Amino acid sequence: MSDLLEVEGLTAGYHGVPVLHGIDLRVPAGTICAVLGANGAGKTTLLRALSGLIRPSTGRIAFDGADLGDLATERLVRRGIGHVPEGRGVIAELTVEENLMLGGAWRLGWAGVWGAARAGLRRDVAEVYQLFPPLAARRRQPGHQLSGGERQMLALGRALVGRPRLLLLDEPSLGLAPRVVAQTMALLRQLCEQTRLTVLLVEQNVRSALSIADQGVVMSLGRVVAAGDARRLADDADLRHAYLGF
Amino acid sequence: MDRFLFLTVDGLTHGAVYSAFALALVLIWRGTRIVNFAQGVLAVATSYLAYTVTGRSGSYWLGFLAALLAGLVLGAVVERLVMHRVAGAPPLNAVIVALGLVLVVQGVLGMIYGNQYLPFPAPFDRSAMTVGGVPLVSRFDLFVFGTVVLLMIVLALLFTRTAIGLRMRAAAFAPSVARLLGVRVGRMLTLGWALAALVGALAGMLVIPTGLGLHPTAMDTVFVSAFTAVVVGGLDSPAGAVVGGMLVGLVLSYVAGYLGAGTAPLAVLALLVVVLLVRPAGLFSGPQARRV
Ligand SMILES: Nc1ncnc2c1ncn2[C@@H]1O[C@H](COP(=O)(O)OP(=O)(O)OP(=O)(O)O)[C@@H](O)[C@H]1O
Ligand SMILES: [Mg+2]
């Protein structure tokens, strides 16, 4: 099976101080990989390195067989890497609809300012409204008027409008009601099966993450300390006790 | 009463230009948190180009077009070559660099064109047409109004109805999030400067024919008025810039008309001080939207 994402010996950090130490990771296309670990383990840093927000000092990241090298974040988006950051990144001053349109605005380029090219984008936005009806009711409201859960829906929906092949999600369940968490997880699973979307899912909500993931990695102090089949990780009592706290 | 009407129209005409110029300041402020102190001198430079092109070709409108295009290019060049380097540095750096740019450009223009006032033609008759027996508004005034209104409509459509405008706003509000959504933030900033300089160039073409003529410092007082306008309206608010510009235009016109031309600059300063004391964020800055 071909791996959509291959990470080898990735070392990265902030201001020359490494936070990640030699991370290895392989994620097959169309699967969900849960990234677990305590606060400060380096999960967010890993996602930031994958989407080009920070530059790895050593190591290799390959996406769909091609080395990503030094590609800037904007270019990685065009390759198909979508990143929903920690804290969601809803733009407070833009309306819900504008936030959603922005998710796919890069596809329009310089042309398509009017009319036809926008129609495709509008269709994608309409699909998001179907997935998350509460957003449709608030399409003209500015982002800062949304509740936490609505922001989460907006951030996820906005990423989907960009039609990513790899979706990096940083704690999407944070602050959501259990029922909405379950719905979100089910939706991710469905997207993977129907559209071969690949997801790297950072979660504190270990149980629900492992329940939909195909595989998982557990990080501690910037290293991968366990990796494998999601069900096996969930059943490993020692691992749960040492790193996952349940 | 006739005099009041006349002063009102005159104030609004100048105010329209201040609004446009203020809008250019807001454009750059929103994208970069820089007050572009070089904006006046850039508009002067493009007006000199228009002067040359019009002189050579005999066509006012060719010069007009050249000024707008030059504004677009000049704005982009200044951002790429100069202001880009002070982005992220302490704010004072950008101010000092911009003021340096003012001195350099004024010096160069003085060397090329000399430091005397050059006559700068208006494309339309500047004598007032009588409305109901009262000399009120000239064809040129109408041209100024029409152009500024058109400009505002075009800018509003650009920012609210087009994908490029959406990306520019996103880049200004939340650059790091915008980048994650594929927006080329650097390009949007360059485009913002180009647009602002184009608007500035347009304002120059509208206001210089109403003054003493073309001179390296011809836009200095316009800059001060527009700066007051954005302080009045709030640096973040395009609508505030428009209203602020009109307000400053009216105040200047009434004060100069009733108290004598010499007092007008003082009135602008007084307005500036009062607004800063009463509402430092500007009259039109809404409740600060919290970033998440
Ligand atoms: N911008 C930054 N500058 C410097 N150090 C940082 C920065 N962001 C994170 N770190 C450090 O990197 C380490 C890993 O942080 P990271 O945010 O990747 O952890 P995490 O696994 O996402 O934690 P959490 O579960 O709390 O979100 C921490 O020790 C943190 O202090
Ligand atoms: Mg984190």
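This one's a predicted model, so the numbers in the text were calculated from it and none came from an experiment.

J.: Let's hear about the overall build of chain A: which residues, and what values?
T.: For chain A, the count of helices and strands is ten helices and ten strands. Compactness check: chain A gives a C-alpha radius of gyration of 18 Å against a globular reference of 18 Å for 246 residues, within 12% of the reference. By principal-axis analysis of the C-alpha atoms, chain A measures approximately 55 × 40 × 35 Å. Counting contacts in chain A only where the partners sit at least 6 residues apart, residues at least 24 apart contribute 66% of the total.

J.: Residues and numbers for the overall build of chain B, please.
T.: When you go through chain B residue by residue, the secondary structure sums to eleven helices and two strands. Over its C-alpha atoms chain B spans a radius of gyration of 19 Å, differing by no more than 12% from the 19 Å that the globule rule assigns to 292 residues. Judged by the C-alpha coordinates and their principal axes, chain B covers about 60 × 45 × 35 Å. When contacts within chain B are restricted to residue pairs at least 6 apart in sequence, long-range pairs at least 24 apart make up 72% of them. For chain B, the accessible surface area stands at approximately 12900 Å², while carbon and sulfur atoms represent 72% of it. Computed over 17 positive and 7 negative side-chain charges, the inter-centroid distance for chain B is 19 Å.

J.: Which residues make up the side chain of B:Gln39, and what values do they have?
T.: Here B:Gln39 is to be found in helix α2 (residues 39–57). Not counting residues up to four positions away in its chain, the partners in contact with B:Gln39 are B:Phe21, B:Ala24, B:Leu25 and B:Ile28.

J.: Got a sec to walk through the coordination of the magnesium ion (ligand 2)? Specific residues and values, please.
T.: The magnesium ion (ligand 2) binds to the protein through A:Thr44 (OG1) and A:Glu86 (OE); the donor distances cover 1.9 to 2.3 Å. Highlighted residues: A:Thr44 in helix α1 (residues 43–50) and A:Glu86 in the loop between β6 (81–84) and α3 (96–105), separated in sequence by 42 residues.

J.: How would you explain the layout of surface pockets if you had to name every residue and give the values?
T.: Residue and element names in this part refer to chain B. Approximately 710 Å³ is the volume found for the largest pocket. What lines the largest pocket is a set of 29 residues, among which His-14, Tyr-18, Thr-221, Val-222 and Leu-252 lie closest to the centre. Examining the composition of the lining of the largest pocket, we find that six residues originate from one element, helix α1 (residues 2–32), more than from any other.

J.: An account of unusual backbone geometry is requested, with residue identities and associated values reported.
T.: All names here are of chain A. For Asp-64, which is not a glycine, the phi torsion comes out positive at approximately 55 degrees. Tracing the chain through its elements places Asp-64 in the loop between β4 (58–63) and β5 (66–67). Taking relative accessible area as the criterion, Asp-64 reaches 44% and is therefore assigned partly exposed. At Glu-171, a residue that is not glycine, the phi angle is positive and equals roughly 50 degrees. If you trace the backbone, Glu-171 turns up in the loop between β7 (166–170) and α7 (178–195).

J.: Can you break down the packing of aromatic side chains residue by residue, with the values?
T.: All names here are of chain B. Under the defined criterion, the tally for this structure stands at 14 aromatic pairs over all chains. Taken together, a centroid distance of 6.0 Å and an interplanar angle of 35 degrees make the contact between Tyr-60 and Phe-64 tilted. Taken together, the positions of Tyr-60 and Phe-64, both in helix α3 (residues 60–86) and four residues apart, correspond to about one turn of that helix. Each member of the pair, Tyr-60 as well as Phe-64, is classed as buried. Ring geometry for Phe-124 and Phe-143: centres 5.0 Å apart, planes at 50 degrees, overall tilted. Here Phe-124, found in the loop between α4 (91–113) and β1 (128–131), pairs with Phe-143, found in helix α5 (residues 139–161); they are 19 residues apart in sequence, far enough to count as distant. Phe-124 sits in the partly exposed class, given a relative accessible area of 34%. Given a relative accessible area of 14%, Phe-143 falls into the buried group.

Reading the values: rules and limits
- Residues numbered from 1 in each chain as written.
- Chains lettered and ligands numbered in written order.
- Predicted model: local features only at pLDDT ≥ 70, side-chain atom pairs only at ≥ 80, totals over all residues.
- Heavy atoms only, no water.
- Helix = DSSP H or I, 4+ residues; strand = E, 2+ residues; numbered from the N terminus.
- Rg over C-alpha atoms; globule rule 2.2 N^0.38 Å.
- Contact = heavy atoms within 4.5 Å.
- Areas by Shrake-Rupley, 256 points an atom, 1.4 Å probe, with all protein chains shown as cover.
- Lys, Arg positive; Asp, Glu negative; His and termini not counted.
- Charge placed at Lys NZ, Arg CZ, Asp CG, Glu CD.
- Donors = N, O, S within 2.8 Å, 3.2 Å for Na, K, Ca; no water.
- 1 Å grid on protein atoms, 1.4 Å probe; cavity = no way out; pocket = protein on both sides within 12 Å on 5 of 7 lines; lining within 4 Å.
- Points joined across faces, edges and corners; volume = space filled by probe spheres on them.
- Buried < 20%, exposed > 50% of the residue type's maximum accessible area, 1.4 Å probe, protein only.
- Phe/Tyr/Trp six-rings, centres within 6.5 Å; stacked < 30°, edge-to-face > 60°.

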